[in-house]
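Working through the structure, step by step
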Amino acid sequence: MRIAEMDWRMVEDWVRHDDRALLPLGSTEQHAGLSLATDTILAERLATEAAEPIGAPVFPPLPYGLAPYFAAFPGSITLRVATFGMLLRDVLDSLKRSGFRRVLIVNGHGGNQPEAIAREWMMDNPDARVRCHDWWRAPRTMAAIRAVDADAGHASWMESFPSTRLAWTPPPATAKPMVDLGRVATLPPFELRNLVEDGNFGGAYQRDDAIMTGIWRIAVAETRELLDAW
Ligand SMILES: [Zn+2]
């Protein structure tokens, strides 16, 4: 249940019988013609749908993360690594203070890499557990994406859902060749922008909703199983 729909007494009641919570991590960054909030929207939706059967609290998604490589695209926001680490630690400290001892981080953005921070935090909080889940590259979800089309880059069809599309930016009809990801990793922001042009790293821009719904169902089930088995 989204924390926006709960009051503090409901959280107090929850932690009396269960100590699990979900924390979605997003990013505000260019996604070609898709919403700048794509990663935040998808991480929150996925966490909310995965938690629905057990009713675990889903905290508000962090809308900002680590995206320095998109700094040349207007509207893209990045935190410094140190800020991100301190922010995440403060949130985890607060969750623990509230009584939570198992936190599933549902990460929606590849640049965030919260594992190092989570592990450091667990060193200092050995009575609590944090599990980091990059939902789109979890084994079954990524296999489902690859089964549709191996060409699936950042801001391509694999991130194009009804919730992330913008009615005023219709997608190009033809697929974009994959960019050289090895090269992308070596470039400063303006050179990266020149290389990736509209921001899609490669692949078709959109696919049928039936295909996207199938992938989404797998992603929700895979995330839910992590929660159930914990
Ligand atoms: Zn994304």
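As a starting point, this report considers the structure included with it. (Residues numbered from 1 in each chain as written. Predicted model: local features only at pLDDT ≥ 70, side-chain atom pairs only at ≥ 80, totals over all residues. Heavy atoms only, no water.)

Observations concerning the overall build of the chain
Within the chain one finds eight helices and three strands. Listing the helices and strands of the chain from first to last along the sequence gives α-β-α-α-β-α-β-α-α-α-α. In terms of overall dimensions, the chain is globule-like: its C-alpha atoms have a radius of gyration of 18 Å, near the 17 Å expected for 230 residues. Charged side chains of the chain number 24 positive and 30 negative; the gap between the two group centres comes to 3 Å. (Helix = DSSP H or I, 4+ residues; strand = E, 2+ residues; numbered from the N terminus. Rg over C-alpha atoms; globule rule 2.2 N^0.38 Å. Lys, Arg positive; Asp, Glu negative; His and termini not counted. Charge placed at Lys NZ, Arg CZ, Asp CG, Glu CD.)

A closer look at the coordination of the zinc ion
Looking at the zinc ion, one finds its protein donor set to be His-31 (NE2), Asp-39 (OD) and Glu-159 (OE), positioned 1.9 to 2.1 Å from the metal centre. Mapping the donors of the zinc ion onto the primary sequence yields the spacing H-x7-D-x119-E. Relative accessible area serves as the criterion here: at 2%, Asp-39 is assigned to the buried category. (Donors = N, O, S within 2.8 Å, 3.2 Å for Na, K, Ca; no water. Buried < 20%, exposed > 50% of the residue type's maximum accessible area, 1.4 Å probe, protein only.)

Some remarks on the pairing of strand β1 (residues 20-25)
Look at any regular strand and the pattern is simple: side chains alternate between the two faces of the sheet. The buried fraction of β1 is high, at six of six residues. In β1, alternate side chains face the same way, and those of Arg-20, Leu-22 and Pro-24 on one face and Ala-21, Leu-23 and Leu-25 on the other are all buried. Sheet topology places β1 next to strand β2 (residues 102-107); six bridges connect them, and they run parallel. Each residue of the ladder has a partner; that of Pro-24, found in β2, is Val-106. (Pairing = 2+ DSSP bridges.)

Remarks on the packing of aromatic side chains
On inspection of all chains with the given rule, the structure shows six aromatic pairs. With a centroid separation of 5.7 Å and 85 degrees between ring planes, the pair formed by Phe-59 and Phe-100 is classed as edge-to-face. Residue Phe-59 is located in the loop between α2 (38-51) and α3 (81-97), and its partner Phe-100 is located in the loop between α3 and β2; the two are separated by 41 residues in the primary sequence. In this structure Phe-100 comes out as buried when scored by relative accessible area, which is 1%. The interplanar angle of 80 degrees and the centroid separation of 6.0 Å between the aromatic rings of Phe-70 and Phe-73 together place this pair among those described as edge-to-face. No difference in accessibility class separates Phe-70 from Phe-73, as the two residues are buried. These aromatic residues form a ring-pair network of at least three members: Tyr-69, Phe-70, Phe-73 and Phe-201. (Phe/Tyr/Trp six-rings, centres within 6.5 Å; stacked < 30°, edge-to-face > 60°.)

Here's the deal with the sheet that holds β2
Spatially, three strands are ordered β1-β2-β3 in an open sheet, and the strand pairing comes out parallel. The open sheet is flanked by β1 and β3 (129-134), the only strands paired with a single partner. Pairwise comparison of adjacent strand axes, ignoring direction, gives a mean angle of 20 degrees for this sheet. One ladder, built from six bridges, connects β2 with β3; its direction is parallel. The residue bridging Asn-107 from the neighbouring strand is Asp-134, located in β3. Along the sheet face, α2 touches β1 and β2 and points at about 160 degrees away from the line of β1. (Axes fitted to C-alpha atoms, helices over the stretch in contact; angles between N-to-C directions. Contact = heavy atoms within 4.5 Å.)

A short note on the side chain of Ser-27
Among the secondary structure elements, Ser-27 is positioned in the loop between β1 and α2. Looking at Ser-27, the relative accessible area reads 0%, which means it is buried. Reaching out from Ser-27, the side chain makes a polar contact with the side chain of Glu-29 at a distance of 2.7 Å. For Ser-27, the contacting residues outside a window of four places in its chain are Leu-36, Ala-37, Asp-39, Thr-40, Leu-62, Pro-63, Tyr-64, Gly-65, Ala-67 and His-109. (Polar contact = N/O pair within 3.5 Å; in protein donor to acceptor, adjacent residues only side chain to side chain.)

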